[in-house]
Amino acid sequence: MYTIKLFLLIVPLVISSRIDQDSSSLDSVSPEPKSRFAMLDDVKILANGLLQLGHGLKDFVHKTKGQINDIFQKLNIFDQSFYDLSLQTNEIKEEEKELRRTTFKLQVKNEEVKNMSLDLNSKVESLLEEKILLQHKVRYLEDQLTNLIKNQPEIQEHPDITSLKTFVEQQDNSIRDLLQTVEEQYRQLNQQHSQIKDIENQLRRTGTQESTENASKPRVPRTTPSLHLNETKNVEYNDIPADCTVIYNRGDQTSGIYSIRASNSQVFNVYCDVKSGSSWTLIQHRIDGSQNFNETWENYRYGFGRLDGEFWLGLEKIYSIVKQSNYILRIELQDWNDNEYYIEYSFHLGDHETNYTLHLVEIAGNVPNALPEHKDLMFSTWDHKAKGHVNCPESYSGGWWCHDVCGENNLNGIYNKPKAKIKPERRGICWKSQNGRLYSIKSTKMLIHPIDSESSELTKAI
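Criteria and cut-off values
- Residues numbered from 1 in each chain as written.
- Predicted model: local features only at pLDDT ≥ 70, side-chain atom pairs only at ≥ 80, totals over all residues.
- Heavy atoms only, no water.
- Helix = DSSP H or I, 4+ residues; strand = E, 2+ residues; numbered from the N terminus.
- Contact = heavy atoms within 4.5 Å.
- Areas by Shrake-Rupley, 256 points an atom, 1.4 Å probe, with all protein chains shown as cover.
- Buried < 20%, exposed > 50% of the residue type's maximum accessible area, 1.4 Å probe, protein only.
- Phe/Tyr/Trp six-rings, centres within 6.5 Å; stacked < 30°, edge-to-face > 60°.
- Pairing = 2+ DSSP bridges.
- Salt bridge = Lys/Arg side-chain N within 4 Å of Asp/Glu carboxyl O.
- Polar contact = N/O pair within 3.5 Å; in protein donor to acceptor, adjacent residues only side chain to side chain.
- pLDDT = per-residue confidence, 0-100.

### Notes on the overall build of the chain
Helix and strand counts for the chain come out as 7 helices and 11 strands. Here the contacts in the chain between residues at least 6 apart in sequence split such that 60% fall between residues at least 24 apart. Summed over its atoms, the accessible surface of the chain is roughly 29,000 Å², and 53% of this surface lies on carbon and sulfur atoms.

Dropping the structure here:
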């Protein structure tokens, strides 16, 4: 290209110089007839220029040809890579289909095992009731037999009594067998849950799981399965404690997860928090925002989350515990400056028909009271508004015993960190006292304990 430009510059210069020479010769010499042929020097210059132009074009052609070859090589490599990626994509799709089929089968089996477990539980319950009735009858008959033996020592044991004792022993053996079957079913359930979790993790790693949420629409609160709170292991149905206090008095004096059976309800797990010579049943815990608390009414009834992390025990379970006796409600708070507070109430909790109405009377604490006393506070969630309840916006989030003001106090609200960019109207976990002071909360605990001397000693110690 450079040679061509040089040639185009030289040719006009040569022509212009030739014209100047011709014009100067016309001035000095008499006109001569024009030559029909170009001068030899001009021809040489043009030939030299054309030669250089040819060399330049030849170099340009060679260079262009090399570049085209490189492009074709890169295109071939790209085609091969694209083909390999297509094969890998097809393999991943096949694996995904197989995993989905396996997951569906496991879920069906899991439901079957659950139904079998529920049937076994109901059978065990009926057998236990029959056993209790039979034990009462046997005791009554033994007492009568003892009296008869004392009065008439020579009389032998009546055949009916012998047959009844044999029947009771057979029932005991049947109950033991059923309990072993139930424990085996629970172990199988746990294995099924772990398999399903592994498959879900594999599906996430393949990147095939797509989000169903639409950012342009209002967020619908997600729901969390409440499996973690219903799992039981190594349960002794004949002798299950009613709450954490009974467990502590039996000698298990360390914090942890235990199985209880309150008010003849189903067996369920709780977290027992041991404090200064007493054990409290933990009903709510928030520490890092890992669990979504904007749940439905059904999940607030039966519980959600993990007992070893953030969770809500469930209104039905709480009610089954507190209806056994008079209990204390203790609330422990920690703000973002790591200041710790607590407040204790004597309280009464209603059942499902009353929307779990809460009635409070303050006992002690080192934080100003924020919940109204001597009032019936009804529990409410975003999808279940109690009659006459204030219709709070969804942005306040979480189920709680609200009263006449939205979001003033809600330990189940959105977990907002101090430096997080949030909308002004989105109220998080807060505790606003009646004097107007607002506490922004980092972590919360809600615990219950029967009213006795031990709880009052704990209050003094803390």
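And the narrative resumes.
### Here we look at the side chain of T245
Mapping T245 onto the fold places it in helix α4 (residues 244–250). Relative accessible area serves as the criterion here: at 10%, T245 is assigned to the buried category. If near-sequence neighbours (up to four positions away) are discounted, T245 is found in contact with S279, H449 and P450.

### Some points on the packing of aromatic side chains
Under the counting rule described, the total for this entry stands at 12 aromatic pairs. When the ring of F293 is compared with that of F304, the centres are 5.2 Å apart and the planes differ by 75°; the resulting orientation is edge-to-face. Note that F293 is positioned in the loop between β3 (278–286) and α5 (297–302) and F304 in strand β4 (residues 304–305), a separation of 11 residues in sequence. By the burial criterion, F293 is buried, and F304 matches it. Taking the centre distance of 5.4 Å and the plane angle of 50° together, the rings of Y300 and F379 count as tilted. Placement of the pair is Y300 in helix α5 and F379 in the loop between β8 (358–365) and β9 (409–410), with a sequence separation of 79 residues. Pair check on accessibility: Y300 and F379 agree, each one buried.

### Focus on the pairing of strand β6 (residues 327–335)
Burial runs high along β6: 9 of the 9 residues are buried. Burial along β6 is two-sided: the face carrying Y327, L329, I331, L333 and D335 and the face carrying I328, R330, E332 and Q334 are both buried. Summarising the sheet, β6 and strand β7 (residues 340–349) pair through 8 bridges and their orientation is antiparallel. Pairing of Y327 across the sheet is with F347, part of β7. With antiparallel pairing between neighbouring strands as the criterion, β6 and β7 make up a hairpin whose turn holds 4 residues, including D338 at a positive phi of roughly 65°. Here β6 runs beside strand β11 (residues 438–450); their pairing, made up of 9 bridges, is antiparallel. Bridging across to β11, Y327 finds its partner in P450.

### Here's the deal with the pattern of salt bridges
Counted by the stated rule, this structure contains 12 salt bridges. Salt bridges sharing common partners tie together D273, K275, R330, E332, E344 and K445.

### What to know about the side chain of R330
The residue R330 is located in strand β6 in this model. For R330, a relative accessible area of 1% translates into the label buried. A distance of 2.8 Å separates polar atoms of two side chains, one belonging to R330 and the other to E332. Here E344 takes part through its side chain, which lies 2.6 Å from a polar atom of the side chain of R330.

### Considerations on unusual backbone geometry
Phi at D338 takes a positive value of approximately 65°, unusual for a residue other than glycine. Within the fold, D338 resides in the loop between β6 and β7. In the Ramachandran plot, H374 falls in the positive-phi region, its phi being about 55° despite a non-glycine side chain. When you line up the elements, H374 lands in the loop between β8 and β9.

### Looking at the confidence of the model for the chain
Chain-level statistics for the chain give a pLDDT mean of 78 and a share of 72% at 70 or above. Across residues 25–29, where pLDDT falls below 50, the model places 1 contact with residues more than four positions away in sequence or in other chains. Every residue in residues 208–237 scores below 50 in pLDDT, and together they form 59 contacts with partners more than four places removed in sequence or on other chains.

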